[in-house]
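Listed below, chain by chain, are the residues.
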Amino acid sequence: MDRYVCIHGHFYQPPRENPWLEAVEVQDSAYPFHDWNDRIDAECYAPNTASRITGGDGGIIDIVNNYSRISFNFGPTLLSWMEVHAPETYGAVLEADRVSMERFSGHGSAIAQAYNHLIMPLANRSDKRTQVLWGIKDFVHRFHREPEGMWLPETAVDLETLEVLAEQGIKFTVLAPRQAHQVRDLDDVNGWQSVDGEAIDPTMVYSCPLPSGKSINLFFYDGPISRGIAFEDILKQGESFANRLIGAFNDDRTWDQLVHIATDGETYGHHHHFGDMALAYALHHIESNNLAKVTVYGEYLEHHPPTRAVEIYENSSWSCAHGVLRWKENCGCNSGMHQGWHQKWRKPLRESLDWLRDKALPVYEKEAGKYLKNPWRARDEYIDVVLDPSEEKVSLFLEEHSVRPLSDEEKVRALQLLLMQRCAMLMYTSCGWFFDEISGIETVQVIQYAARMIQLLDGLGQESPVEPEFVAMLAKAPGNVVGDGAKVYELYVKPAKVDILRVAAHYIISSLFMEYPEQGKRIYSFTIDDEVFDTEAAGKMKLAIGRGRVRSDWTWDEACLNLAAVYMGDHNVSSGVKEFETEEKFNTMHDEVMSAFKKGDVAEMVRTMDRHFPSSSNFNLWHLFRDQQRFVINEILKDRYDGIMALYRTIYEDNYSLMAFLQSLRNPVPPQMRLAAEQTLNDDLETIFRGDVSVEKLSQLVEDTKKWEVQINAEGISLAAGTWIHARLHEVARDPEGPDMIPLMEKVSEALQVLEGLPLHLDLWRAQNVYFTLRKEKGEFIDVAAKTGNEDALRREAAFRKLGESLHIKL
């Protein structure tokens, strides 16, 4: 009997975008990366596109794209982020699926996912249908083929969900073994046998009959091995991983066996460092030793149609022992990180969102029916706009779905209604309930989507605003850190809310510190066009004043606004924004504010701003969006920072010899001097990689860190050094035969040797990829040239080889 192995990775992150800006703002907890998507891409998603297979001495002997050899799904919302912010990873994932189709008899590695990872059994039928349709359309848009399978978030399932999958042509999904209830032979209608627990045989595919008369194929992954991969030390060695898989085969079985596992894809690199390499080596070991045939679900299903039927446990999942209660009750399932914490907030949160969803349903049907032929069909196809919100695409969408040609105001209203429905699904993203505290970033995120939905709903002119009642319901959700859901709303949700006035305020304030293009300025998901824009500067003081039109790219809502902002030094910024009324009033405001600024009278400047802009339209640095706020504050602090660093440097340099003398006497160096040394050396170690690196200076800095036993900023220095090394490898790759490349390769090798003296986590992944490709393309030419005996050719070959050794690549 033949043996088959399939490894499935569920690669997913929750939507992290600010719901108003449609962009992920900086997350300090992900330092030194911009945000958690960025960090996990560097630790997992990207490494799996070029994973290392190493020899016995640790040298790299091959680099492979793991995605082309496993079964995988990516969350659509993660792929949308990756397309913009990690295009190399994104391209490699798509290419892996194309290559896998050649490897696996025309069946690609990728399967689809229900769109934004909501718990399907807890969704209504309409949301289930939209989630599946959006997941399929997103998949086709990216992979240019129809998906054979679909991953269900948390593998949470009920029969209605399976019916929706079958209706849309999905052939299979993957479940946990404990989700199987009973099995029988396909031709034995009355032969059901219970398989409670994990008693189901996972080495075959099953057919699940559905009430409609349709059926869908189900794969139940191997539970013990999957748990071992996630929670044990199996990924420490690729060969151990392979042996664990091969050990699951049983010669007593009389069919072609499929040993398959499913885990979070982040296991391979993020949760387990170098897990991608264990995965790569395990597959290499299995294939090179003919231990089994590596396959994917679609290929296995084609050649091994089901011979047994299965019934599932409805409302079950892979990560909650109580079915799907983890996403609606205080069932006891938690992260295990906070002993003694409760999750009593889960039920009130779910009830609050259900209330909000149901409150919006009749409003959507009634209002959207005025503009759209079929509101629910339009929602199902709104994914076309989500994938491409360009004006051209939105216009075509409205033209197709509108009951008649719509006025500009009606178009805005229709788009607001559709966006409201998108938020109504995004607010159910499962991660909002998965962890332990209602004030956690994942839960705040889903409440922010609810707040965006409320803003749109209240903007439709309802009899009474929805927000107060919603917040009152959240107050019933007790927290562990923050008092309750209402407090979370006040502290973390309301400050994130955005309207056109705040966008305009962000623009006019940030324009004091950064330059924008003359027309078509983009502020995340908004576009600003200036009609008038003037600036003045007087010493440290700056003024920006004008009139501009601000438009939402998603709803086409727009306003013409008067704008003014003045910077008075330090953190003192004042700005005003209000709707444009008349040319005369604008000119009066413009001239009076400009006149007050030119006089240099700060008090009069403030009084003039107050006279023309009401207190409700005054904004300051607090109102800037997070990334630009960080940029502006750093600009303001730059002089102060430089001054402080100059003081540290002076203390360090003036006392260097005294510190050395004290150390020779084995006398403790005063902590004030040691602090100056730490600040100076860390600053120098980061800044040295921003220019032409002197290996001699780098070596001295490393020696000084050891001499004074200072604590280095390992993450920051590692990132700076890794970026410099990668850039230099690109220089080499562009012209490996150039005369300047020999000393450059030698410098990089020497720098890498010096850096071994620091406790860094140096990321050489990108540099190794460049070198490995270069070795394949130019290595033979370099070797042949060296055999001529030419002195430069010999030196080039030696430098190239040494560079490979420094990057731990086995030639």
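This text goes with the structure placed above it.
Just so it is clear, the model here is predicted, and its values are computed rather than measured. (Residues numbered from 1 in each chain as written. Predicted model: local features only at pLDDT ≥ 70, side-chain atom pairs only at ≥ 80, totals over all residues. Heavy atoms only, no water.)

A look at helix H16 (residues 441–458)
- Compared with the 26 Å implied by 1.5 Å per residue over 18 residues, the 25 Å span of H16 between its first and last C-alpha is a close match.
- By the criterion of burial, H16 is predominantly enclosed, with 14 of the 18 residues buried. (Helix = DSSP H or I, 4+ residues; strand = E, 2+ residues; numbered from the N terminus. Expected span 1.5 Å × (residues − 1). Buried < 20%, exposed > 50% of the residue type's maximum accessible area, 1.4 Å probe, protein only.)

Section: empty space enclosed by the protein
- Considering all chains together, one arrives at four cavities of 30 Å³ or more under this definition.
- Space inside the largest cavity adds up to approximately 60 Å³.
- Elements represented by at least two residues in the lining of the largest cavity include exactly helix H2 (76–85), strand E5 (112–113) and helix H4 (125–143).
- Ranked by the residues each element gives to the lining of the largest cavity, the list is headed by H4, at four residues.
- A class-by-class count of the residues in the lining of the largest cavity yields seven nonpolar, two polar and one charged. (1 Å grid on protein atoms, 1.4 Å probe; cavity = no way out; pocket = protein on both sides within 12 Å on 5 of 7 lines; lining within 4 Å. Points joined across faces, edges and corners; volume = space filled by probe spheres on them. Nonpolar A, V, L, I, M, F, W, Y, C, P; charged D, E, K, R; others polar.)

So, the packing of H4 against helix H5 (residues 159–167)
- For the pair H4 and H5, interaxial distance at closest approach is 10 Å and the crossing angle is 40°. Judged by the angle between their axes, H4 and H5 are oblique. Crossing of H4 over H5 shows right-handed handedness. Where H4 abuts H5, its residues Arg125, Lys128, Arg129 and Val132 lie against Glu160, Thr161, Val164, Leu165 and Glu167.
- Of the residues contributing to the contact of H4 with H5, the split by class is three nonpolar, one polar and five charged. (Axes fitted to C-alpha atoms, helices over the stretch in contact; angles between N-to-C directions. Parallel < 35°, antiparallel > 145°, perpendicular 65-115°, else oblique. Left-handed = near helix turned anticlockwise from the far one by under 90°. Contact = heavy atoms within 4.5 Å.)

Observations regarding the sheet that holds strand E9 (residues 193–194)
- Ordered in space as E7-E11-E10-E14-E8-E9, the six strands form an open sheet in which the pairing is mixed. The strands lining the two open edges of the sheet, one partner per strand, are strand E7 (172–175) and E9.
- Pairing geometry for strand E10 (residues 205–209) and strand E11 (residues 215–220), over five bridges, is antiparallel. Note that in E11 the partner of Cys208 across the bridge is Ile216.
- Of the strands in this sheet, E7, E10, E11 and strand E14 (308–312) are in contact with H5, which crosses E11 at around 115°. (Pairing = 2+ DSSP bridges.)

Things to note about the layout of surface pockets
- One number sums up the size of the second largest pocket: a volume of about 1,500 Å³.
- The wall of the second largest pocket is formed by 45 residues, among which Asp264, His271, Arg326, Phe434 and Phe435 lie closest to the centre.
- For the lining of the second largest pocket, the secondary structure elements donating two or more residues are helix H1 (36–45), helix H6 (223–231), strand E12 (257–264), helix H15 (431–434) and H16.
- Looking at the lining of the second largest pocket element by element, the count peaks at five residues for H6.

Geometric values such as these leave the question of function open.
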